[in-house]
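Overview (structure and organization)
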Amino acid sequence: MKILMVCLGNICRSPLADGLLKSKVESLGLNVVVDSAGTSGHHSGESPDPRMRATAKHHGLSIDHLRARQFVTSDFDEFDLIYAMDSSNFNNILKLARNDEDRSKVMMILNEITPGLNKAVPDPYYGGDQGFEEVYKMLDEATDIIINTRLK
Ligand code: 4NP
């Protein structure tokens, strides 16, 4: 099983989702590959945002080693499940889909918590520190559900 987390810049939300899921997968000894990407290549090669790294570290998780990259069409071949953080990311991923199989791999991540509601993980980039903590709580819950319902 291979899972890709996708946001806009791949420096705030998706690296945290990536780090959280990877850490849970590793502690359970599951055979799952986890990665993340951004629909924009604007921050490619950068480390996660210092505010997201600090929030992760506050919870005992390091995402310092991750580097941003842009989502590419071949990610549809590489990954079984592709999680979008918001509907803009979702639509931008779907624009690159080549067929129904590609489209069937893409999900809004918060639909794991509230199925069918298409809720967004809010983009914390332009807000205060509280936004990063809120994102942490949402993604911690969503990745727990992914582990329990899809990977066990
Ligand atoms: P992310 O947050 O999509 O969660 O990585 C953002 C990062 C950068 C920008 C927007 C959102 N930006 O406009 O540069």
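Up top you'll find the structure we're talking about.
In what follows, the accompanying structure is described. Quantities reported herein were computed from a predicted structural model and do not represent experimental measurements. (Residues numbered from 1 in each chain as written. Predicted model: local features only at pLDDT ≥ 70, side-chain atom pairs only at ≥ 80, totals over all residues. Heavy atoms only, no water.)

What to know about the site of the ligand
The test is simple: Think of it this way: one heavy atom of a residue within 4 Å of a molecule or strand is enough to make that residue near it. Here a polar contact is recorded for every N or O atom pair within 3.5 Å, except that within protein the pair must consist of a potential hydrogen donor and a potential acceptor, and residues adjacent in sequence are included only if both atoms are side-chain atoms. Accessible areas in this description were obtained via Shrake-Rupley with a 1.4 Å probe; residue shielding takes into account the shown protein chains only. Note on definitions: the grid is 1 Å and covers protein atoms alone; a cavity is a set of points where a 1.4 Å probe fits but cannot get out; a pocket is an open set with protein on both sides within 12 Å along at least five of seven lines; lining residues have an atom within 4 Å of a point. Molecule-in-pocket calls rest on the fraction of atoms, with more than half required to lie within 2 Å of the cavity or pocket grid points. Each residue is assigned to one class: nonpolar for Ala, Val, Leu, Ile, Met, Phe, Trp, Tyr, Cys and Pro, charged for Asp, Glu, Lys and Arg, and polar for all the others, Gly among them.
The ligand sits among Cys7, Leu8, Gly9, Asn10, Ile11, Cys12, Arg13, His43, Asp123, Tyr125 and Tyr126. A distance of 3.3 Å separates an oxygen atom of the ligand from a polar backbone atom of Asn10. Between the ligand and the protein, one listed contact pairs an oxygen atom with a side-chain N or O atom of His43 at 2.7 Å. Taking 360 Å² as the accessible area of the ligand by itself, protein coverage stands at 90%. Given that more than half its atoms are within 2 Å of the pocket grid, the ligand belongs to the largest pocket. Split into classes, the residues belonging to the shell around the ligand amount to six nonpolar, three polar and two charged.

Description of the packing of aromatic side chains
The condition that has to hold: Classification of ring pairs uses Phe, Tyr and Trp, with its six-membered ring standing for Trp, and accepts pairs whose centres are within 6.5 Å; under 30 degrees between planes counts as stacked, over 60 as edge-to-face, and the remaining range as tilted. Burial classification: accessible surface area is computed with a 1.4 Å probe over protein chains only, and a residue below 20% of its type maximum counts as buried, one above 50% as exposed, and the rest as partly exposed. For a ring to carry a charge above it, either NZ of a lysine or CZ of an arginine must fall within 6 Å of the ring centroid while also lying within 35 degrees of the normal to the ring plane.
Counted according to the given criterion, the structure contains two aromatic pairs. Ring centres of Tyr125 and Tyr126 lie 4.8 Å apart, and the angle between their planes is 85°; this geometry places the pair in the edge-to-face category. Of the residues examined, Tyr125 reaches a relative accessible area of 28% and is grouped as partly exposed. Above the face of the Tyr125 ring, Arg51 is positioned so that its terminal group lies 5.5 Å from the ring centre.

Some details on the pattern of salt bridges
Just so we agree on the cut-off: We count a salt bridge whenever a side-chain nitrogen from Lys or Arg sits within 4 Å of a carboxyl oxygen from Asp or Glu. Secondary structure follows DSSP: runs of H or I at least 4 residues long count as helices, runs of E at least 2 residues long count as strands, and numbering of each begins at the N terminus.
Enumeration according to the criterion identifies 15 salt bridges in this entry. A salt bridge links Arg13 to Asp86; the nearest nitrogen and oxygen atoms lie 3.0 Å apart. A residue pair is termed long-range when its members are at least 10 positions apart, and Arg13 in helix α1 (residues 13-28) and Asp86 in the loop between β3 (81-84) and α4 (87-96) qualify at 73 residues. Each member of the pair, Arg13 together with Asp86, is buried. In this structure, Lys22 and Asp18 form a salt bridge, with 2.9 Å as the shortest nitrogen-oxygen distance. Residue Lys22 and its partner Asp18 are located together in helix α1, separated by four residues, close to a single helical turn. In this structure Lys22 comes out as partly exposed when scored by relative accessible area, which is 24%. In this structure Asp18 comes out as buried when scored by relative accessible area, which is 1%.

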